[in-house]
Amino acid sequence: MNIVYVANEAYVSILGTSLYSLYESNKAEALLDVYIIQTGISEKSIKLLESLADSFARNLIIINFEDIKQRKELDFLENKFDISVMARLFVDELLPKHLDRVLYIDCDTLVLRSL
């Protein structure tokens, strides 16, 4: 199973809670890869998220999304939305092409049962 989150530093503690609930509720899932499209998460916070994934023996893949301002076609959106909102529009471009499907989860979602 492939899970996608989009987050920045302001939501990293909330993301950590969601990740913990995901991992805890899906211990029996053989494959559970989590992709985090990050829009400004500090190295310290990334290390904490990786440590959490390691404690559940799960893969955590961090994808940087910093080049939104280089996309001229999005100039009109730049002042209206946070960059993390816009990152969701590019999930298909940012994730590895071999993935058939993914489940997007908001950072403030608690996973209470197996997915």
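Residues numbered from 1 in each chain as written. Predicted model: local features only at pLDDT ≥ 70, side-chain atom pairs only at ≥ 80, totals over all residues. Heavy atoms only, no water.

1. Regarding the pairing of strand β3 (residues 59–64)
Phase 1 of the analysis: The sheet contact formed by strand β2 (residues 33–38) and β3 spans six bridges and is parallel. Bridge pairing links I36 to I62 in β3.
Phase 2 of the analysis: At this point the chain moves from β2, through helix α2 (residues 43–55), to the parallel β3, and the crossover so formed is right-handed. (Pairing = 2+ DSSP bridges. Helix = DSSP H or I, 4+ residues; strand = E, 2+ residues; numbered from the N terminus. Right-handed = clockwise from strand over helix to strand, strands pointing away.)

2. Describing the environment of V4
Phase 1 of the analysis: With respect to the helices, strands and loops of the structure, V4 is situated in strand β1 (residues 2–7).
Phase 2 of the analysis: Residues contacting V4, with those up to four places away along its chain left out, are Y35, I37, V91, L95, V102, L103, Y104 and I105. (Contact = heavy atoms within 4.5 Å.)

3. Describing the pairing of β1
Phase 1 of the analysis: Burial runs high along β1: six of the six residues are buried.
Phase 2 of the analysis: In β1, alternate side chains face the same way, and those of N2, V4 and V6 on one face and I3, Y5 and A7 on the other are all buried.
Phase 3 of the analysis: As paired strands, β1 and β2 are joined by six bridges and run parallel to one another. Bridge pairing links V4 to Y35 in β2.
Phase 4 of the analysis: Where the polypeptide runs from β1 across helix α1 (residues 12–25) and back to β2, its parallel neighbour, the crossover connection is right-handed.
Phase 5 of the analysis: Pairing analysis gives two bridges linking β1 to strand β4 (residues 103–104), with the strands arranged parallel. When the bridges of β4 are listed, V4 appears paired with Y104. (Buried < 20%, exposed > 50% of the residue type's maximum accessible area, 1.4 Å probe, protein only.)

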